[in-house]
Amino acid sequence: MKKLLLLTLFIIGLGFALFHFTGLANRGEYQSILIDFKDDIPVSVLDEQLNTVNKKAGKTTSLNSIFSIDEHLYTVAGDSKLLKTLRNSDLKKYTESIEPDYIYHAFIAPNDPDYSKQWNLRGINIERAWEENQGQGITVAVIDTGVSKVPDLRETEFVEGYDFVNDRSNAEDDNGHGTHVAGTIAQSTNNNYGVAGIAYKAKIMPLKVLSGTGGGTVADIAEAIRFAVDNKADVINMSLGGGGETQVMKEAIEYAYSKGVVIVAAAGNADDNSAAYPARFPHVIGVSAVDASGNKAPYSNFGAGIDIAAPGGSDTGKIIQETIDPARGGEP
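Values in this document were obtained by computation on a predicted structure and should not be read as measured data.

Engineer: An account of the pattern of salt bridges is requested, with residue identities and associated values reported.
Structural biologist: A side chain of one charge can pair with a side chain of the opposite charge when the charged atoms of the two come close. This structure, assessed with the given rule, holds three salt bridges. Residues glutamate 157 and lysine 203 are paired through a salt bridge, measuring 3.8 Å at the closest nitrogen-oxygen approach. A residue pair is termed long-range when its members are at least 10 positions apart, and glutamate 157 in the loop between strand E5 (139–144) and strand E6 (162–163) and lysine 203 in strand E7 (residues 203–208) qualify at 46 residues. Residue class for glutamate 157 comes out partly exposed when judged on its relative accessible area of 44%. Aspartate 174 serves as the salt-bridge partner of lysine 208, at 2.8 Å between the closest nitrogen and oxygen. Here aspartate 174 lies in the loop between E6 and helix H6 (177–186) and lysine 208 lies in strand E7, a separation of 34 residues in the sequence. Take aspartate 174: its relative accessible area is 37%, and that puts it in the partly exposed class.

Engineer: Tell me about the sheet that holds strand E2 (residues 62–63), and name the residues and values.
Structural biologist: Pairing is antiparallel in the open sheet, where four strands are placed in the order E2-E3-E1-E4. The outermost strands of the open sheet, each flanked by one partner alone, are E2 and strand E4 (95–102). Here strand E1 (residues 30–37) runs beside E4; their pairing, made up of six bridges, is antiparallel. Bridge pairing links leucine 34 to glutamate 99 in E4. Sitting on the sheet, helix H3 (residues 80–87) touches E1, strand E3 (73–77) and E4, and the angle it makes with E4 is about 175 degrees.

Engineer: Describe the sheet that holds strand E10 (residues 285–290), naming the residues involved and giving the relevant values.
Structural biologist: Strand order in the open sheet formed by seven strands is E6-E7-E5-E8-E9-E10-E11, with parallel pairing between adjacent strands. Both outer strands of the open sheet, E6 and strand E11 (308–311), are each paired with one neighbouring strand and no more. Bridge analysis of E5 against strand E8 (residues 235–238) gives four bridges, and the strand direction is parallel. Paired with isoleucine 143 across the bridge in E8 is methionine 238. Strands in contact with H6 are E5, E7 and E8; relative to E5, the strand with the most contacts, it is inclined by about 160 degrees.

Engineer: Tell me what's going on with the packing of helix H2 (residues 43–57) against H3, and back it up with residues and numbers.
Structural biologist: Packing of H2 against H3 brings their axes to within 11 Å, and their N-to-C directions diverge by 145 degrees. The two elements H2 and H3 cross, and the hand of that crossing is right-handed. Contact residues: Val53, Lys56 and Ala57 in H2; Leu82, Thr85 and Leu86 in H3. Residue classes in the contact of H2 with H3 are distributed as four nonpolar, one polar and one charged.

Engineer: Give me the packing of aromatic side chains: which residues, what numbers.
Structural biologist: According to the stated counting rule, one finds seven aromatic pairs in the structure shown. For the ring pair tyrosine 30 and tyrosine 102, a centre distance of 5.8 Å and an interplane angle of 90 degrees mean the geometry is edge-to-face. Separated by 72 residues along the polypeptide, tyrosine 30 in strand E1 and tyrosine 102 in strand E4 bring together distant segments of the chain. Cluster of aromatic residues (ring-pair linked, three or more members): Tyr162, Phe164 and Phe227.

Engineer: Quick one: what's the story with the nonpolar core, residue by residue and with numbers?
Structural biologist: Generally speaking, a soluble globular protein has its nonpolar side chains buried in company with each other. The biggest cluster of nonpolar side chains holds 32 residues, and the ones touching the most others in it are Ile143, Leu207, Val209, Ile221, Ile225, Ile236 and Met238. Among the secondary structure elements, those contributing two or more residues to this core are E5, E7, helix H7 (218–230), E8, helix H8 (247–258) and strand E9 (262–266). If we ignore the near neighbours within four places in the chain, the residues touching leucine 207 are Ala141, Val142, Ile143, Asp144, Gly146, Gly161, Tyr162, Phe164, Ala224, Phe227 and Ala228. Among the nonpolar cores identified, the runner-up in size contains 20 residues, and Ile138, Phe158, Ala199 and Ala202 belong to it.

Engineer: Outline the packing of H7 against H8, supporting the account with residue identities and numerical values.
Structural biologist: Direction vectors running N to C along H7 and H8 enclose 10 degrees, while the axes themselves pass 9 Å from each other. The orientation of H7 relative to H8 falls into the category roughly parallel. Residue-level inspection shows Val218, Ile221, Ala222, Ile225, Arg226, Val229 and Asp230 of H7 in contact with H8, the latter providing Val248, Met249, Glu251, Ala252, Ile253, Tyr255 and Ala256. Here the contact of H7 with H8 is built from residues that sort into eleven nonpolar, no polar and three charged.

Engineer: Tell me what's going on with unusual backbone geometry, and back it up with residues and numbers.
Structural biologist: The step from tyrosine 277 to proline 278 runs through a cis peptide bond, and the omega angle for that step is 10 degrees. Among the secondary structure elements, proline 278 is positioned in the loop between E9 and E10. The backbone of lysine 232 sits at a positive phi, close to 70 degrees, despite the residue not being glycine. For lysine 232, the location among the structural elements is in the loop between H7 and E8.

Rules used throughout
Residues numbered from 1 in each chain as written. Predicted model: local features only at pLDDT ≥ 70, side-chain atom pairs only at ≥ 80, totals over all residues. Heavy atoms only, no water. Salt bridge = Lys/Arg side-chain N within 4 Å of Asp/Glu carboxyl O. Helix = DSSP H or I, 4+ residues; strand = E, 2+ residues; numbered from the N terminus. Buried < 20%, exposed > 50% of the residue type's maximum accessible area, 1.4 Å probe, protein only. Pairing = 2+ DSSP bridges. Contact = heavy atoms within 4.5 Å. Axes fitted to C-alpha atoms, helices over the stretch in contact; angles between N-to-C directions. Left-handed = near helix turned anticlockwise from the far one by under 90°. Nonpolar A, V, L, I, M, F, W, Y, C, P; charged D, E, K, R; others polar. Phe/Tyr/Trp six-rings, centres within 6.5 Å; stacked < 30°, edge-to-face > 60°. Core = buried A, V, L, I, M, F, W, Y, C linked by side-chain atoms within 4.5 Å. Parallel < 35°, antiparallel > 145°, perpendicular 65-115°, else oblique.

See below:
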């Protein structure tokens, strides 16, 4: 059976962040309402309006602080229902604004020393996503060259995987690509070492289907997809591909889709006007690459079969990630 070509490194795991983190939407949280009265409002009218608000809210309206006296800035505990009531009342004639007192949070910035070099994470607004979710409760199957627990993956949680190339349970990496991809997805973060991962609280399921030279068969990849589904993976990541559509692969993907598993695959690195397989199959999220400037990466496929683009390495900016070096005997 024809071997698949190994794709060069780029961030396929970013598809996971875009599709699984709810924090990318600006929803806005609040528990109280800001009432900014006009600066020239007479004291008697202000008192009257404050009493009216207190009755409507069933709570006491108060100055935000001692520095709010001249600005007439008051707050009252309330929700969207009270906000609508106040905005539709005569109160609006005496105010500059009636609006939610939104709660803002400090953005999460990990202590990993090389995080500042990860332009790719800033490109997807990852700190805003981390406020809501860091991948907890999600298992990502990395179907690749295997995954080795390099130092910056030692705090990452792993679940049982499999080596389909050598038919054994130990899915160690002998190439480096799979470890790089797994690190992009869930590199140990806030560990004062190396770099950060996108969904660093997610669990990694290592599934080796590509040999040390980077080739692998459709049969192994299809079996790995079914293994991932049967062992409760939530997301399948395939940073691999090639030419040729097969029924075996199609059926494996349809099986994963029928079980509600999200399938993400690389579009390909040949600068072709279509995605490679398996990214081109229906039910697979095909991911192309953009460079640090937001333009299509020179190598990335485009056109048919592409669903989304994510930051990838190019001459304008490399993706840094700890992985193994086969030339050094598999050391990081």
